[in-house]
Amino acid sequence: MKKNKKTKVSKYITVVLCLIAALIIAYVIIYLCFKGNGILTAGINLEKHDWLSFLGTYLSFAGSLIVSTIAIFQSSHYTQANKEENNTKRTKDIQPIFSIEIVEMDSMLAGYAEAISLYHHSSLPRHKNFTLKIENVGAYPVKNVIIFDKYLFQLMKCNDSHRLQVAYDDSPDYSHESKSLIRILQSEYERAENGLPKWFNINYEDVDGNDMFQSFELKEFDGIFYYSLTETTAV
């Protein structure tokens, strides 16, 4: 931090020294032009003090013009910077907050009844899947929600929650006819030892129409697994 500050000070000193040098050189050139008879003639019915008076007025005008130009560019720069800062803050403020709960593992497929035998447990259907409950607990709704590369919801209002049942390609549930089951590949979503994907994204449009996605990573604390937000990014 100190190094950057020193660099900025050095830059300002260099600019000031260059400006002083330019003013000295300009003064010497003007002095030589009007020394004695000089290399410039005053002109008909004019004397050199007339030109010097004009030169003083001209330099005053030039200085005012330069200062005004700098002020305009500076004002434009700060206006643009302020606009970008407000846009960035607005985009940040309207992003949703997703609550992700790991609800079940290897449960019966939603919407399908199964026969249960009290005597022959080996004949019971085997399941290999996981169920997530995703809720928008933010202050703004989102549109066109895509999870696990599947378009799921046109609109997700505040406090809306949905259950997603997901199976990998080596699961006996993967080939089931269920239309609500989300099927994913191990090659696309790396799987942890507990059968859950190590990460996944939620793609959506915020209320201003920005295409965004949030990335979530599987973490563990004290034997409890949960998904933690790692980044929010514009597409």
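Our structure is the block above this text.
Residues numbered from 1 in each chain as written. Predicted model: local features only at pLDDT ≥ 70, side-chain atom pairs only at ≥ 80, totals over all residues. Heavy atoms only, no water.

K.L.:
Looking at this structure, I do not really get the layout of surface pockets. What am I missing?
P.N.:
Unoccupied space between atoms shows up once a probe the size of one water molecule is rolled over them. Counted as a void, the largest pocket has a volume near 170 Å³. Of all the elements in the fold, those that place two or more residues in the lining of the largest pocket are β4 (150-156) and β5 (161-168). Partitioning the lining of the largest pocket into residue classes produces six nonpolar, four polar and three charged. (1 Å grid on protein atoms, 1.4 Å probe; cavity = no way out; pocket = protein on both sides within 12 Å on 5 of 7 lines; lining within 4 Å. Points joined across faces, edges and corners; volume = space filled by probe spheres on them. Helix = DSSP H or I, 4+ residues; strand = E, 2+ residues; numbered from the N terminus. Nonpolar A, V, L, I, M, F, W, Y, C, P; charged D, E, K, R; others polar.)

K.L.:
Would you mind showing me how to read the nonpolar core here?
P.N.:
Here is a general trend for soluble globular proteins: nonpolar side chains tend to be buried in one another's company. Ranked by internal contacts, the top residues of the largest apolar core, which has 26 residues, are I134, F148, F200 and I202. Among the elements of the structure, β1 (98-105), β2 (130-136), β3 (142-147), β4, β5, β6 (182-184), β7 (199-205) and β8 (211-221) are those that each provide at least two residues to this core. Residues contacting F200, with those up to four places away along its chain left out, are I100, L132, I134, I147, F148, Y189, Q214, S215, F216 and Y227. (Core = buried A, V, L, I, M, F, W, Y, C linked by side-chain atoms within 4.5 Å. Buried < 20%, exposed > 50% of the residue type's maximum accessible area, 1.4 Å probe, protein only. Contact = heavy atoms within 4.5 Å.)

K.L.:
Please clarify how the environment of Y174 should be interpreted in this entry.
P.N.:
With respect to the helices and strands, Y174 occurs in the loop between β5 and β6. Spatially, the C-alpha atom of Y174 lies 8.6 Å from that of I184, the residues being 10 residues apart in sequence. Among residues more than four places away in sequence, those in contact with Y174 are A167, Y168, D169, R183, I184 and L185.

K.L.:
Would you explain the pairing of β5 in this entry?
P.N.:
On a regular strand, each side chain points to the face opposite its neighbour's, so the side chains alternate between the two faces of the sheet. Pairing between β2 and β5: six bridges, direction antiparallel. Of the residues in β5, the one forming a bridge with L132 is L164. Direction of pairing for β5 relative to β6: parallel, over a ladder of three bridges. Along β6, the bridge assignment pairs Y168 with I184. (Pairing = 2+ DSSP bridges.)

K.L.:
I tried to follow the sheet that holds β1 on my own but got confused; where do I start?
P.N.:
Strand pairs in the sheet, formed through backbone hydrogen bonds, run parallel or antiparallel to each other. Taken together, the four strands give an open sheet; going across it, the order is β1-β2-β5-β6, and neighbouring strands pair in mixed fashion. Looking along the sheet, the strands with just one partner apiece sit at the ends: β1 and β6. With strand direction ignored, the average angle separating the axes of adjacent strands in the sheet is 30 degrees. Of the strand pairs in this sheet, β1 and β2 are connected by seven bridges, and their pairing is antiparallel. In the strand pairing of β2, E104 is matched with T131. (Axes fitted to C-alpha atoms, helices over the stretch in contact; angles between N-to-C directions.)

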